[in-house]
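Residue-level listing of the chains:
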Amino acid sequence: QVQLVESGGGLVQAGDSLRLSCAASGRTFSAMGWFCQAPGKEREFVAAIRRTDRRTYYADSVKGRFTVSGDNAKNTVHLQMNGLKPEDTAVYYCAARTNLLGRPLSHMMGWPVWGQGTQVTVSS
């Protein structure tokens, strides 16, 4: 019954904004975050937030444009994506983990729970 349900993806123009949401059920997690994967490329870390102190982490490519936030009462995280660029086009996956002492947050293998992914397409 542990699962992540994502929403908010879509087709937008360059410079526009989207807000992705990810609702977790079945348990709470120490951290939740977002990865993206474009065709022919490896899945890459985007952003994450810790539950206890709401500390956030970002990939260099999205700093200043994307903001990750969490609602602990609803066990939900959001990714506010502003100033979208065509190179942001990818499937965005929500991820969750209970252990912060393993692999770094940017490493996909350290995240055991994943959502189904939501497509974000940015046209020029």
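On a predicted model such as this, the values are computed, not experimentally measured, just so you know.

A. Main features of the pattern of salt bridges. Per the stated rule, a full pass over the model turns up 3 salt bridges. A salt bridge links Lys63 to Asp60; the shortest N-O distance between them is 3.1 Å. The exposure classification of Lys63 matches that of Asp60, with both residues exposed. Arg65 is the salt-bridge partner of Asp88, the closest N and O atoms lying 2.8 Å from each other. In this pair, Asp88 is assigned in the loop between β8 (76-81) and β9 (90-97) and Arg65 in the loop between β6 (56-58) and β7 (66-71), connecting sequence segments 23 residues apart.

B. Highlighting empty space enclosed by the protein. Going through the model one piece at a time under the given rule, you end up with 1 cavity of 30 Å³ or more. Roughly 90 Å³ of internal volume is contained in the largest cavity. Around the largest cavity sit Phe29, Ala31, Met32, Ile49, Arg50, Arg51, Gly70, Asp71, Asn72, Asn75, Thr76 and Val77, which together line it. Listing elements by their share of the lining of the largest cavity, those giving two or more residues are β4 (31-37), β5 (44-50), β7 and β8. The residue makeup of the lining of the largest cavity, split by class, is 5 nonpolar, 4 polar and 3 charged.

Reading the values: the criteria
Residues numbered from 1 in each chain as written. Predicted model: local features only at pLDDT ≥ 70, side-chain atom pairs only at ≥ 80, totals over all residues. Heavy atoms only, no water. Salt bridge = Lys/Arg side-chain N within 4 Å of Asp/Glu carboxyl O. Buried < 20%, exposed > 50% of the residue type's maximum accessible area, 1.4 Å probe, protein only. Helix = DSSP H or I, 4+ residues; strand = E, 2+ residues; numbered from the N terminus. 1 Å grid on protein atoms, 1.4 Å probe; cavity = no way out; pocket = protein on both sides within 12 Å on 5 of 7 lines; lining within 4 Å. Points joined across faces, edges and corners; volume = space filled by probe spheres on them. Nonpolar A, V, L, I, M, F, W, Y, C, P; charged D, E, K, R; others polar.

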